[in-house]
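Letter by letter, the chains look like this.
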Amino acid sequence: EVQLVESGGGLVKPGGSLRLSCAASGFTFSDAWMSWARQAPGKGLEWVGRIKSEAEGGTTYYAPPVKGRFTISRDESKNTLYLQLNSLKTEDTAVYFCTREGVGRTFDIWGQGTMVSVSS
Amino acid sequence: DIQMTQSPSSVSASVGDTVTITCRASQGISSWLAWYQQKPGMAPKLLIYATSKLQSGVPSRFSGSGSGTDFILTIRSLQPEDFATYSCQQANSFPYTFGQGTKLEIK
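Cut-offs and rules
- Residues numbered from 1 in each chain as written.
- Chains lettered and ligands numbered in written order.
- Predicted model: local features only at pLDDT ≥ 70, side-chain atom pairs only at ≥ 80, totals over all residues.
- Heavy atoms only, no water.
- Helix = DSSP H or I, 4+ residues; strand = E, 2+ residues; numbered from the N terminus.
- Polar contact = N/O pair within 3.5 Å; in protein donor to acceptor, adjacent residues only side chain to side chain.
- Contact = heavy atoms within 4.5 Å.
- Salt bridge = Lys/Arg side-chain N within 4 Å of Asp/Glu carboxyl O.
- Buried < 20%, exposed > 50% of the residue type's maximum accessible area, 1.4 Å probe, protein only.
- Pairing = 2+ DSSP bridges.
- Axes fitted to C-alpha atoms, helices over the stretch in contact; angles between N-to-C directions.
- Core = buried A, V, L, I, M, F, W, Y, C linked by side-chain atoms within 4.5 Å.

Some remarks on the side chain of A:Gln39
Next, step 1: For A:Gln39, the position within the fold is in strand β4 (residues 33-39).
Next, step 2: For A:Gln39, the side chain forms a polar contact with the main-chain oxygen of A:Lys43, separated by 3.0 Å.
Next, step 3: The contact partners of A:Gln39, leaving out residues within four places of it in the chain, are A:Gly44, A:Leu45, A:Ala94, A:Val95, A:Phe97 and B:Gln38.

The following block contains the structure:
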């Protein structure tokens, strides 16, 4: 079964850090370009960033609101994607989704999401 | 950044109706447009990519059209399971951006 399972969310104070993980199964993770997206409570979806496969250099791209604060990485030996969140702000409060970039630069597999709450 | 604007923000319809949702990009995105369905508390589900290509397993009552800046999602013969929020996404350039969503409610 094709699956993405996120973990690591929680409550953190402004300025704090958190690392999210996403375990992939059921497809060839090493070939996949992976992204993180988020959704603030009651709001629309927001793309956070993407990482290419290691074979293609593992290049990363980030949305402007998170560039310089968030870092995407991957461990292909563990079939796991990571999102390191630093210098967190209250506006980073959201459900964070791990997703695979498929045909047409779209997101064809999604995890169930993990909630990150930033509050003092 | 390319802004994606959906209309309407919400729409009420009955089972069996046909509904259209519009997505407008702030600049041309060729055919790099996808549509997603999302139900409360769930992850989004890809319905259509490249403007009009149906994702595997998606019923044929869903269809997409458009090009450039204006795109349409059409749902024919609405079924009870279709009541959800629909979002468009441009994949023409970084950062990828989504519309704000259109909530399809039961009349």
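Let's pick the thread back up.
Quick look at the pattern of salt bridges
Residue and element names in this part refer to chain A.
Next, step 1: This structure, assessed with the given rule, holds 10 salt bridges over all chains.
Next, step 2: Among the ionic pairs, Asp-108 bridges to Arg-100, the shortest N-O distance being 2.7 Å.
Next, step 3: On the basis of relative accessible area, Arg-100 is assigned to the partly exposed category, the value being 22%.
Next, step 4: Salt bridges sharing partners connect three or more residues here, namely Arg-38, Glu-46, Arg-69 and Asp-92.

Description of the sheet that holds strand β3 (residues 18-25) of chain A
Residue and element names in this part refer to chain A.
Next, step 1: Reading across the sheet, the four strands line up as β1-β3-β8-β7 and stay open at both edges, with antiparallel pairing between neighbours. With partners counted over all chains shown, the strands left at the sheet margins are β1 (3-7) and β7 (70-75), one partner each. Sheet twist, expressed as the average angle between the axes of neighbouring strands with direction ignored, equals 20°.
Next, step 2: Bridge count between β7 and strand β8 (residues 80-85): six bridges; the pairing is antiparallel. Its bridge partner lying in β8, Asp-75 is registered against Thr-80.

Things to note about the nonpolar core
Next, step 1: Counting 27 residues, the largest nonpolar core has A:Met34, A:Trp36, A:Leu81 and A:Tyr96 as its most contacted members.
Next, step 2: Broken down by secondary-structure element, the contributors of at least two residues to this core are β3, β4, β5 (45-51), β7, β8, β9 (94-101) and β11 (114-118) of chain A.
Next, step 3: Listed in part, the 23 residues of the second largest apolar core include B:Val19, B:Phe83, B:Ala84 and B:Cys88.

As far as function goes, none of this settles anything; it's purely spatial.
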